[in-house]
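Notes for the structure review
Chain by chain, the residues run as shown.
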Amino acid sequence: MATLGRACLIVAFVLALYGGVAGLAAWRLHRRDLAASARRAMYALAVVLTIAMAILEIAFLRDDCSFTTVANGSSTTTPLFYKMSAVWSSQEGSLLLWAWLLAIWSSVALFLTRRRMRDVTPVATAVLSGFGLFFVGLLVFAVSPFTTVAAAPAEGAGLMPLLRHPGMMMHPPMLYSGYTLFTIPFAFAVGALAAGKVDSEWITATRRFALAAWLFLGIGIVLGARWSYAELGWGGYWAWDPVENASLLPWLTGTAFIHSIMLQEKRGMLRIWNVALVLTTGILAILGTFLVRSGILDSIHAFGASTVGVPFLVLIGVLIALAIGMVAWRSPMLRSEHRIDSLLSREAMFLFNNLVFVGLAFVVFFGTFYPLISEALGDRRNVGPPWFNRITVPLGIALVGLAAVAPLISWRRATLANLRRNVAGPLACGVLVLVVLVAAGVDHLAALLLFGAAAVLIAGVVQEFWRGTRARRAMAAEPVPLAVLSLVRRNRRRYGGYLVHVGIAVLFVGIAASSAFQNAYDARMRPGDSTTVNGYRVEYVEPVSRVETIEGRIERIVLGARLRVTKDGEEIGPLEPSKGYYPASAPFAPVSGMFDGEATSEVRMIAGLRRDVWTAVSPELEPLRAEMRTFDRAIRRMAAAGEPSNRQALAFRVGLEKVVQSYRESNPPATFRVIVSPLVAWIWIGALIVFSGGLIALWPAPDTARRRAAAGYAAKVARDLGRA
């Protein structure tokens, strides 16, 4: 199987090389047959990489430890669910996933545009094939996932404990789908520049791919935040980690692009800005992949230093040079047809919105790479969350404010009467929310401003839905639910976008509340002790411990505590946070080796719409060390005396059970972290609203709606011509 996998990669390399050369030749020679051949090469590349991906997946499911990547990342006791996701837990497997998704999405894009933009698609095909050539080349020449060993080990090392979380099944595929989908508008932008076709056609053809990229990348980011909140044991969901930031960068610039292309489609504006945004987004998608693999910045998400960092750096340099050169070459053709008529217009709001998104991206980029910048200046330093928060919070408030106001302002130029009619109601809601919060004692200025802006945004969207529903009912006499459904079905981009804005507002409210009003406390307690955090009394009832096995093999040791949480004398629930210890040594020696390997925090929380009560525990192992050493010496004496391995294994198991029992019976102290965070649940609820709106905007409109829209536009043109 490994030989077939390697053969697939070699064939894929040849196909990608041919696709790139044929695409460029088709562009230069104006040969449609070569363009079609290059497109079919991409289809073939997708098929071959699908076979390679299936081979590697089967190797994991069969526990074929002759594959080095299987031996390093899985084991016979790894649950089936996690074996499936272990494929992309390694450097090699994740690169294969990247190349495979790139080929799949590129094939879809080229198939859908096979009869359109015949001058643009050859170069776009060449660019996409070039990306495929790069990633497959890494798999062929640098880090093959099909490397094997002559003597396969009987057991693999197992999946990294931190990755044993359901979110890890979808987090990398979502991120990589976002990254690879952003290469499609990048490639078509390059193709449009090369062909001199810089109107809106390439944007129309790739808009859905940009929106899908934004959606998938956003889902990946939220899944990562949820994993951090529930698995890492520090109590937060965003740490401004370099790899986290790297995934956020293309999402920010991609969001700006999705907003600004509306101006080009409607009024022929911001052409050079849109091209620059989409090229930047494509490069940032590659940068995010580079940071995970280069080892130049410390991150819990990174694979560490590797041999592929330099090729990635070269690729990024080539892409930057290509982007700058193409934009400079076609700059005379990229001049806008129209200019902004007034600063009090929807066009101006969209532009300000774009500037805030780009400003956020610049801040995140600068803070992420500041260690390298400062090192180049002679003194390496880091910037932490306080620095990021200090700058991004005002920008976030401005972003929500602009999102609230922009849909309420007319195109071209807003009149005072129009402003009064559209803005008065939502603005009154925002003021009312501020008054209520201040009266309730909320005195955090940034949080107040964001809550007020979010209220204006949500009220504005409700107003737009109500006006549209009322108009729909007047036209078709439909009941309200059906009128709302019909309204959304006939203008999915608009109303899906409104839902996205509502979701962003809700998400930001959750972030602001949980950040500004969080109460965290670290306490060292023994059984019977208690501590109070923000009115919640947390009592340490008793220690818990157990040995967990899978198919007779010791998988991990769990040490934790049973807690009782009460508020105002009423019990709201028991909690049992714990810490899992995974072995770092051979199966039977020493006992202390069970506690020297990797460890994971098993967070427990009481979640609610109003607040989360979050707990984690760090057991104190020092009181157990003496007993561990006693059993370690006994097992070493048995080994020195040549005792059979089964007796050594029995002694190891007995010693481990005794240590675990001692932990329960000795009432040991432990250090607890207790966090009470208000409205955290609204982060995840807001994200669900965002993604629902994104799906609505992404979903194709019915043909009837398209025909009606086209007919409406034709009638409008006829009326305008008649007036002229």
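Here the residue numbers are simple positions, counted from 1 along each chain's written sequence. Since the coordinates come from a predicted model, pLDDT governs what is reported: local features require at least 70, and pairs of side-chain atoms require 80 or more to be given and counted, while whole-chain, interface and lining totals use all residues. Side-chain numbers come from the whole structure's heavy atoms, not from hydrogens or water.

Moving on, we get to the overall build of the protein. Regarding its fold elements, the protein presents 21 helices and 10 strands. Our radius of gyration looks at C-alpha atoms and nothing else; its globule reference is 2.2 Å times the residue count to the power 0.38. Relative to its length of 724 residues, the protein is compact, with a C-alpha radius of gyration of 29 Å against a globular reference of 27 Å. The C-alpha extent of the protein, read off along each of the three principal axes, is 105 × 70 × 60 Å. A burial count over the protein gives 52% of its 724 residues as buried. Sequence separation of 24 or more characterises 76% of the internal contacts of the protein that already satisfy a separation of 6 or more. Surface exposure here means Shrake-Rupley accessible area, sampled with a 1.4 Å probe, where a residue is shielded only by the protein chains that are shown. Surface summary for the protein: the accessible area is close to 31,700 Å², and the carbon and sulfur share equals 63%. Only four residue types enter the charge count, namely Lys and Arg as positive and Asp and Glu as negative; His and the chain termini do not. Here the site of a charge means NZ on Lys, CZ on Arg, CG on Asp, or CD on Glu. Charged side chains in the protein number 70 positive and 46 negative. The centres of these two groups are separated by 13 Å. Runs of E in the DSSP output that reach at least two residues are strands. Runs of H or I that reach at least four are helices, and both are numbered from the N terminus. Each residue gets one of three labels from its accessible area relative to the maximum for its type: buried under 20%, exposed over 50%, partly exposed in between, using a 1.4 Å probe on protein chains only. Whether two residues are in contact is decided by their heavy atoms: any pair within 4.5 Å suffices.

Let us look at unusual backbone geometry. Positive phi outside glycine occurs at Asp63, with the angle close to 55°. Checked against the element boundaries, Asp63 lands in the loop between helix H2 (32–61) and helix H3 (68–73). Of the residues examined, Asp63 reaches a relative accessible area of 22% and is grouped as partly exposed. With a phi close to 60°, Leu679 is a non-glycine residue in the positive phi region. Relative to the helices and strands, Leu679 is located in the loop between strand E10 (670–678) and helix H20 (681–698). Since its relative accessible area comes to 25%, Leu679 is described here as partly exposed.

On to the packing of aromatic side chains, then. Aromatic rings from Phe, Tyr and Trp, taking only the six-membered ring of Trp, are treated as a pair when their centres fall within 6.5 Å; an angle between ring planes under 30 degrees marks them as stacked, one over 60 as edge-to-face, and anything in between as tilted. Tallying each qualifying case throughout the model produces 27 aromatic pairs. Centroid distance Trp240 to Phe388: 4.6 Å. Interplanar angle 5°. Geometry classified as stacked. Note that Trp240 is positioned in the loop between helix H8 (201–231) and helix H9 (242–267) and Phe388 in helix H13 (residues 385–405), a separation of 148 residues in sequence. We classify Trp240 as buried; its relative accessible area is 15%. We classify Phe388 as buried; its relative accessible area is 1%. Joined through ring pairs, the aromatic side chains of Trp238, Trp240, Phe362, Phe366, Tyr370, Trp387 and Phe388 make up one cluster. Our definition puts a charge over a ring when NZ of Lys or CZ of Arg is within 6 Å of the ring centre and also within 35 degrees of the ring normal. Lying over the aromatic face of Phe111, Arg114 brings its terminal NZ or CZ to 3.8 Å of the ring centre. Its guanidinium or amino end placed over the ring of Tyr536, Lys567 lies 4.6 Å from that ring's centre, counting from NZ or CZ.

Among the secondary structure elements, Glu231 is positioned in helix H8. Salt bridge, as used here, is a side-chain nitrogen of Lys or Arg placed within 4 Å of a carboxyl oxygen of Asp or Glu. Here Glu231 is buried and forms no salt bridge, its nearest opposite-charge partner Arg556 lying at an N-O distance of 6.9 Å. The contacts of Glu231, once residues within four sequence positions are left out, are Pro161, Leu162, His165, Thr600, Ser601 and Glu602.

Do not read the fine detail of predicted coordinates wherever pLDDT is low. The predictor attaches a confidence to each residue, called pLDDT, with possible values from 0 through 100. The predicted model of the protein has a mean per-residue pLDDT of 88, with 94% of residues at 70 or higher. The low-confidence segment residues 704–724 (pLDDT under 50) makes four contacts with residues lying over four places distant or belonging to another chain.

Axis definition: a line fitted to C-alpha atoms, over the contacting stretch in the case of helices. Angles run 0 to 180 degrees between N-to-C directions. Between helix H6 (residues 121–141) and helix H7 (residues 167–195), the least distance of the axes is 7 Å, while the angle of their chain directions is 135°. Taken together, the axes of H6 and H7 lie oblique to each other. As H6 runs across H7, the sense of the crossing is right-handed. Across the interface between the two elements, Thr121, Val123, Ala124, Val127, Leu128 and Phe131 of H6 pack against Thr183, Ile184, Phe186, Ala187, Phe188, Val190, Gly191 and Ala194 of H7. Each residue gets one label: Ala, Val, Leu, Ile, Met, Phe, Trp, Tyr, Cys and Pro are nonpolar, Asp, Glu, Lys and Arg are charged, and the others, such as Gly, are polar. Broken down by class, the residue content of the contact of H6 with H7 amounts to 11 nonpolar, three polar and no charged. Roughly parallel here means an angle under 35 degrees, roughly antiparallel means over 145, roughly perpendicular means 65 to 115, and every remaining angle is called oblique. Definitions for this section: a left-handed crossing has its near helix turned counterclockwise from the far helix by less than a right angle. A right-handed crossing has that turn clockwise.

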